[in-house]
Amino acid sequence: MFEKVLIANRGEVALRIHRACREMGIRTVAVHSEADANAMHVRLADEAVCIGPARSSESYLNKSAIISAALITGADAIHPGFGFLSENADFAEMVEAHGITFIGPTVEQMRLMGDKITARKAAEEAGLPITPGSPALESVEHAIEWANKIGYPVIVKAKDGGGGKGMKTAFNDEEMAEAFTMAKAEAKASFPSDVVYMEKYLQHPRHIEMQILADKYGHVVHLGERDCSIQRNNQKVIEESPSPALNNQQRQEIGEIVRKAIEKIGYTNAGTLEFLYEDGKFYFMEMNTRLQVEHPVTEAITGIDIVREQIRIASGASLGYTQEDIQFHGHAIECRINAEDPETFVPCPGKINEWHAPGGLGVRVDSEIYSGYSIPPFYDSMIAKLIVHGKTRNAALMRLRRALEEFVIDGVNTTIPLQQAIISQAEFIDGQYDIHWLEHFMKSRKSENEE
Ligand code: MV4
């Protein structure tokens, strides 16, 4: 097992990783920007290294500064968390080249899944259902030809895309010409490659993702799904497991398909397969090769510490259990609490005058915040995750309502009022929502307020 792990991240996930290491008897090294010297995980870590100025590009994205920090402190592994360098194969390659273990999959697996075209191909060959799609598109004419082969509506995506950037829908030949040109231009501006391709566009899907764990000896388990359809501008707002849309048989079926596919691909460590789900069918979208923000809902219903498992797997340990050993208990819901205006989502950094997090049975709060802490304006606005667990979805919902009410965050605006409004809606209570539901709900609320 590792003796010392460097945590190449900030915020609540840095603290989350520190906690897992601590419970395993592993010493931790925090790295931080000049703006984060007072962060909780920096205080708690055994050692801390300042790696640069506030701007992420000069600190948390500074590969050589992070690797130097690991070499100087003698860390034998690096956990990248999520965001920042967590899915950067070049970084993982550099880390390994210095004799340090990257806690994640292999460089090759990261490259395979980082490219949407090769990921789709690998997924299809491994038996996963995918949306009908095209190869890389060469020209407008080529795009129109493929759109007619697939049938409208279609969606053009960048092969290196992410966060919804470089995605354009088209419902006919005329729109296709513009979608191709715009998607390509956006990809060129935002990603290493401007290569785009297309898929059949699903108009009312849910976003359902499957969590897997795989060790280096071919053992693979799935930990069920998470429904992440409650989102806005590609930012998830509420996640839950199990999905209200699936029954046990559907979960077992897709779980077994996913497990076999991961075995076939030979993927290792923790990963998430994102699917669109519409009319009872799953369509693979992409695979995330990192720990995810919403991993605690899966931890709540399975009792498995996913970060601990990531570290064990990376160190060469065997999973030590099989699919039959995994049991699902109850229902968990997570709210991502952001320091933002709840209507406009404009970030609201500033000083936290008073902080009181809810507690009690079935309540977990992952956060780095403490009373008197100042949220720096340079980074993501997520300041806490509230995760509740109950025997049934209704019990979890009642508990969530209670916990949101208990939360005291004085000094900045947060998304809590929006989340309170969402969970009191009949459609949410009935589990009747798709990926567009939140945007529609917010629009209708806004026009009501204007009347
Ligand atoms: C789609 C889709 C419909 N059909 N692909 C958005 C983020 C990116 N990872 C993929 N996305 C989508 N791909 C096909 N073939 C709809 C979306 C989409 C979406 C997906 C998941 C969660 C929220 C979303 C919001 C808008 C669009």
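Residues numbered from 1 in each chain as written. Predicted model: local features only at pLDDT ≥ 70, side-chain atom pairs only at ≥ 80, totals over all residues. Heavy atoms only, no water.

(A) Local environment of the environment of V49. Here V49 shows up in strand β3 (residues 47-52). What makes V49 partly exposed here is its relative accessible area of 21%. Each C-alpha atom, one on V49 and one on A69, is 6.4 Å from the other, the two residues being 20 residues apart in sequence. Beyond its immediate sequence surroundings of up to four residues, V49 is in contact with V29, A30, V31, H32, A69 and T73. (Helix = DSSP H or I, 4+ residues; strand = E, 2+ residues; numbered from the N terminus. Buried < 20%, exposed > 50% of the residue type's maximum accessible area, 1.4 Å probe, protein only. Contact = heavy atoms within 4.5 Å.)

(B) The site of the ligand, seen in detail. In the vicinity of the ligand lie 15 residues, with K157, E199, K200, L202 and E286 positioned nearest. At 2.9 Å from a nitrogen atom of the ligand is found a side-chain nitrogen or oxygen belonging to K157. Here a nitrogen atom of the ligand and a backbone polar atom of K200 are 2.7 Å apart. Relative to its unbound accessible area of 520 Å², the ligand is 89% covered by the protein chains. Contributions of two or more residues to the shell around the ligand are made by β6 (154-158), β8 (196-200) and β13 (281-288). Taken together, the residues of the shell around the ligand sort by class into seven nonpolar, four polar and four charged. Residues from two domains meet in the shell around the ligand; each of domain 2 (132-200) and domain 3 (206-450) gives at least three. (Near = heavy atom within 4 Å. Polar contact = N/O pair within 3.5 Å; in protein donor to acceptor, adjacent residues only side chain to side chain. Areas by Shrake-Rupley, 256 points an atom, 1.4 Å probe, with all protein chains shown as cover. Nonpolar A, V, L, I, M, F, W, Y, C, P; charged D, E, K, R; others polar. Domains from an automatic or database assignment.)

(C) Looking closely at the packing of aromatic side chains. Considering all chains together, one arrives at twelve aromatic pairs under this definition. For the pair F171 and Y201, a centre-to-centre distance of 6.3 Å together with 75 degrees between the ring planes defines the contact as edge-to-face. Separated by 30 residues along the polypeptide, F171 in the loop between β7 (168-170) and α8 (173-190) and Y201 in the loop between β8 and β9 (206-214) bring together distant segments of the chain. Here the aromatic rings of W355 and F407 are separated by 5.3 Å at their centres, their planes lie at 70 degrees, and the arrangement is edge-to-face. On the criterion of sequence distance, the pair formed by W355 in strand β16 (residues 354-356) and F407 in the loop between α12 (393-406) and β20 (408-410) is long-range, its members being 52 residues apart. Pairwise contacts between aromatic rings join Y60, F84, F378 and Y379 into one cluster. Seen from the ring of W146, K149 lies directly overhead, with NZ or CZ sitting 4.0 Å from the centre. One Lys or Arg, R393, reaches over the ring of F428 and ends 5.0 Å from the middle of that ring. (Phe/Tyr/Trp six-rings, centres within 6.5 Å; stacked < 30°, edge-to-face > 60°. Lys NZ or Arg CZ within 6 Å of the ring centre and 35° of its normal.)

(D) Spotlight on the pattern of salt bridges. If you walk through the whole model with that rule in mind, you get 35 salt bridges. Among the ionic pairs, K157 bridges to E199, the shortest N-O distance being 3.3 Å. With K157 in strand β6 and E199 in strand β8, this residue pair connects regions lying 42 residues apart in the sequence. Pair check on accessibility: K157 and E199 agree, each one buried. Between R402 and E406 there is a salt bridge, with the nearest N and O atoms lying 2.9 Å from each other. Placement of the pair is R402 and E406 together in helix α12, with a separation of four residues, close to one helical turn. By relative accessible area, R402 is classed as partly exposed at 27%. (Salt bridge = Lys/Arg side-chain N within 4 Å of Asp/Glu carboxyl O.)

(E) A look at the sheet that holds β3. Sheet architecture is open: five strands sit in the order β3-β2-β1-β4-β5, paired in parallel fashion. Of all strands in the sheet, those bounded by a partner on one side alone are β3 and β5 (101-102). Judged from the two bridges that link them, strand β4 (residues 77-79) and β5 form a sheet pairing that is parallel. What sits directly across from I78, in β5, is F102. (Pairing = 2+ DSSP bridges.)

(F) Region of interest: the sheet that holds β6. Strand order in the open sheet formed by three strands is β7-β6-β8, with antiparallel pairing between adjacent strands. A single partner strand is all that each edge strand has here, and the edge strands are β7 and β8. On average, each strand axis in the sheet is tilted by 30 degrees relative to the strand beside it, whichever way the strands run. As paired strands, β6 and β8 are joined by five bridges and run antiparallel to one another. Among the inter-strand pairings, V156 is bridged to a residue of β8, identified as M198. Contacts from helix α7 (residues 140-150) reach β6 and β8, with the element oriented near 20 degrees to β8. (Axes fitted to C-alpha atoms, helices over the stretch in contact; angles between N-to-C directions.)

(G) Up close: the nonpolar core. Counting residues in each nonpolar core, the largest one holds 39 residues, and the members touching the most others are I230, I238, I337, L386, I409, I422 and L438. Of all elements in the fold, only β11 (235-241), β14 (331-338), β19 (382-390), α12, α13 (416-422) and α15 (437-450) reach the threshold of two or more residues within this core. With five residues, the top contributor of residues to this core is α12. Apart from residues no more than four positions distant in its own chain, I337 is found in contact with S381, M382, I383, A384, L386, F407, I409, T414, T415, I416 and Q419. Within the second largest apolar cluster, 29 residues are counted, among which are C21, F82, I103 and I313. (Core = buried A, V, L, I, M, F, W, Y, C linked by side-chain atoms within 4.5 Å.)

(H) Broad picture of the domain arrangement of the protein chain. Here the domain parsing of the protein chain yields domain 1 (4-103), domain 2 (132-200) and domain 3 (206-450). Taking only C-alpha atoms into account, the centre of domain 1 sits 37 Å from that of domain 2.

(I) Local environment of the environment of A214. Mapped onto the secondary structure, A214 falls in strand β9. Placed 165 residues apart in sequence, A214 and Y379 show a C-alpha to C-alpha distance of 31 Å. The residues touching A214, leaving out its near neighbours within four places in the chain, are H219, V220, I262, Y267, T268, N269 and I313.

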